[in-house]
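Observations on the three-dimensional arrangement
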Amino acid sequence: MKKVITIGEILVEIMADTIGEGFREPIALTGPFPSGAPAIFIDQVAKLGHPCGMVSRVGADDFGRVNLDRLARDGVDVSAIGIDDDLVTGSAFVRYRASGDRDFVFNIKHSASGRIARTAEAEALIAGAGHLHVMGSSLVSEGVVDLIRHAIASIKGRGGSVSFDPNIRKEILGLTGLRAALDDVLAATDLFLPSGPELFLFSDAADEAGAIADLLGRGIAAIVVKRGAAGASYHDKTGSVAVPGFVVDETDPTGAGDSFGAAFLVGWLAGEPPAQALRIANACGARAVTRRGPMEGTSTRADLETFFATARSRA
Ligand code: ATP
Ligand code: MG
């Protein structure tokens, strides 16, 4: 099995207990929960029993410990997660609005995650990897962008593959250099995993079918479009398949896309038919939204067996 790696931010998430607008008055909070899109992703890869590791950086503090302990427990190779003597672990405070939108207060760029660098441990992990997964949310510091460019060249140079989830939040779109980094990663992507509207960050086509045809024409082998509760669809040069989502009560949508992407990737790397990989990915995404906390809803194969025994899909 190709070892899967990801490079990017680790943080804790601290969640408001109540729905409302932002953080402009004292409110009750729950956390710290282990978090960071690439961390959630790699935790889900590990829980499915696929070999994997992560390059990141945390502070010498409890927020870092919460994450390292969880990832190591679940089977992630944490040898390239450095501990910074100086900067603290990243954090995100999140509060849901009544509309379902989220307000964030992030400390990522000026946290230990902002100092991810090309260490000997990172080089060793990259040298042993067969697949790189990139989250667009990670392309916010020069160190990470450089390291991802290096990992792409190294892994693709050895015949490995790259997957890419744009995972762009409105808070980061304006950052200098982000656009160029996103385009560079896309140019190396074999498996592209956008949420529906993110297709149009990369194509000027008038509609979704046009954007998919445009991107497949540029050399991306496979595209999976995430559609929230409606499920997801798979597209390649030979055709398309759509699989409906499962009916669940949504408690906390954070982490669904990351868990979904990890599960789809594990199936895709194993050569499973797309419809089967989508079904398992939809199940991981559905289970993720039923748990409070971004990484709390990642699934083992045993969790999925239990889920499938009673699961109902939308169609
Ligand atoms: P995020 O970046 O916020 O984690 P995303 O936009 O990348 O999410 P979504 O489309 O929201 O991704 O969710 C990914 C997958 O999770 C969906 O394709 C679906 O399979 C599952 N999912 C998400 N929300 C629900 C829901 N309410 N009910 C059932 N399944 C869901
Ligand atoms: Mg996402």
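Everything that follows concerns the structure shown earlier in this document.
The paragraphs below set out a description of the structure included in this document.

Analysis parameters
Residues numbered from 1 in each chain as written. Chains lettered and ligands numbered in written order. Predicted model: local features only at pLDDT ≥ 70, side-chain atom pairs only at ≥ 80, totals over all residues. Heavy atoms only, no water. Helix = DSSP H or I, 4+ residues; strand = E, 2+ residues; numbered from the N terminus. Rg over C-alpha atoms; globule rule 2.2 N^0.38 Å. Buried < 20%, exposed > 50% of the residue type's maximum accessible area, 1.4 Å probe, protein only. Contact = heavy atoms within 4.5 Å. Areas by Shrake-Rupley, 256 points an atom, 1.4 Å probe, with all protein chains shown as cover. Lys, Arg positive; Asp, Glu negative; His and termini not counted. Charge placed at Lys NZ, Arg CZ, Asp CG, Glu CD. Near = heavy atom within 4 Å. Polar contact = N/O pair within 3.5 Å; in protein donor to acceptor, adjacent residues only side chain to side chain. Nonpolar A, V, L, I, M, F, W, Y, C, P; charged D, E, K, R; others polar. Expected span 1.5 Å × (residues − 1). Axes fitted to C-alpha atoms, helices over the stretch in contact; angles between N-to-C directions. Parallel < 35°, antiparallel > 145°, perpendicular 65-115°, else oblique. Left-handed = near helix turned anticlockwise from the far one by under 90°. Core = buried A, V, L, I, M, F, W, Y, C linked by side-chain atoms within 4.5 Å.

1. Observations concerning the overall build of the chain
For the chain, the helix and strand inventory stands at nine helices and 13 strands. Here the C-alpha atoms of the chain give a radius of gyration of 18 Å, agreeing with the 20 Å that 2.2 N^0.38 yields for 315 residues. Based on the C-alpha atoms only, the size of the chain along its principal axes is roughly 50 × 45 × 40 Å. Taken over 315 residues, the chain has a buried fraction of 54%. A separation threshold of at least 6 residues defines the contact pool for the chain, and within that pool the share at least 24 residues apart is 73%. Carbon and sulfur atoms provide 53% of the accessible area of the chain, an area that totals close to 13000 Å². Counting 31 positive and 39 negative side-chain charges, the chain places the centres of these two groups 3 Å from one another.

2. Let's talk about the site of ligand 1
In the vicinity of ligand 1 there are 21 residues, among which Ser195, Gly228, Gly231, Glu250 and Asn282 approach most closely. Arg102 has a polar side-chain atom sitting 3.2 Å from an oxygen atom of ligand 1. Between an oxygen atom of ligand 1 and a main-chain N or O atom of Ala256, the distance comes to 3.5 Å. Contact with the protein chains covers 89% of the free accessible surface of ligand 1, which is 630 Å². For the shell around ligand 1, the elements supplying multiple residues, two or more each, are α7 (256–269) and α8 (274–289). Sorting elements by how many residues they give to the shell around ligand 1 places α8 first, with four residues. Looking at side-chain class alone, the shell around ligand 1 contains eight nonpolar, eight polar and five charged residues.

3. A closer look at the environment of Ile10
With respect to the helices, strands and loops of the structure, Ile10 is situated in the loop between β1 (4–7) and β2 (11–16). You can call Ile10 buried: its relative accessible area is 0%. Residues Ile10 and Ile40, spaced 30 residues apart in sequence, show a C-alpha to C-alpha distance of 8.9 Å. For Ile10, the residues in contact, after removing those within four places along its chain, are Ser35, Ala39, Met54, Ser56, Val58, Asn67, Leu71, Ile81, Thr89, Gly90 and Ser113.

4. A closer look at α7
Between the first and last C-alpha of α7 there are 20 Å, a value that for 14 residues agrees with the 20 Å anticipated at 1.5 Å per step. Most of α7 is tucked away: eleven of the 14 residues are buried. The complete set of buried residues in α7 reads Ala256, Asp258, Ser259, Phe260, Gly261, Ala262, Ala263, Phe264, Leu265, Val266 and Gly267. Where α7 terminates, the next one or two residues include Gly271, which has phi positive at roughly 75°.

5. Focus: the packing of helix α4 (residues 142–157) against helix α5 (residues 178–187)
Here α4 crosses α5 at 15°, and the two axes come no closer than 11 Å. Viewed along their axes, α4 and α5 adopt a mutual orientation that is roughly parallel. Of the two possible hands of crossing, α4 and α5 adopt the one that is left-handed. Along its contact with α4, which presents Val145, Ile148, Arg149 and Ile152, the element α5 presents Ala180, Ala181, Asp184 and Val185. Its residues assigned to classes, the contact of α4 with α5 shows six nonpolar, no polar and two charged.

6. Here's the deal with the environment of Gly239
Position of Gly239 among the secondary structure elements: in strand β13 (residues 239–244). Separated by 192 residues in sequence, Gly239 and Lys47 have C-alpha atoms that sit 30 Å apart.

7. Digging into the nonpolar core
Judged by nonpolar contacts, the single largest core of 42 residues is most densely connected at Phe41, Ile42, Met54, Leu71, Val224, Phe264 and Leu278. Mapped onto this core, the elements with two or more residues apiece are α1 (37–47), β4 (52–59), α2 (62–74), β11 (222–226), β12 (231–236), α7, α8 and α9 (301–310). The contacts of Phe264, once residues within four sequence positions are left out, are Leu191, Leu193, Val224, Tyr234, Pro274, Ala277, Leu278 and Ala281. With 39 residues, the next largest nonpolar core counts Ile5, Leu132, Val134 and Val144 among its residues.

8. Examining the side chain of Ser137
Residue placement: Ser137 occurs in the loop between β8 (131–135) and α4. One polar contact links Ser137 to Glu9, side chain to side chain, over a distance of 3.0 Å. A polar atom in the side chain of Ser137 sits 3.3 Å from the side chain of Asn167. Other than its neighbours up to four places away in sequence, Ser137 contacts Glu9, Ala37, Pro166, Asn167 and Ile172.

9. A word on the packing of α1 against α7
At a minimum axis separation of 8 Å, α1 and α7 run at an interaxial angle of 40°. Comparing the axis directions of α1 and α7 gives the class oblique. For the element pair α1 and α7, the recorded crossing hand is right-handed. Counted together, Ala37, Ile40, Phe41, Gln44 and Val45 of α1 and Asp258, Ser259, Gly261, Ala262, Ala263, Leu265 and Val266 of α7 form the full contact between these two elements. Residue composition of the contact of α1 with α7, by class: eight nonpolar, three polar and one charged.

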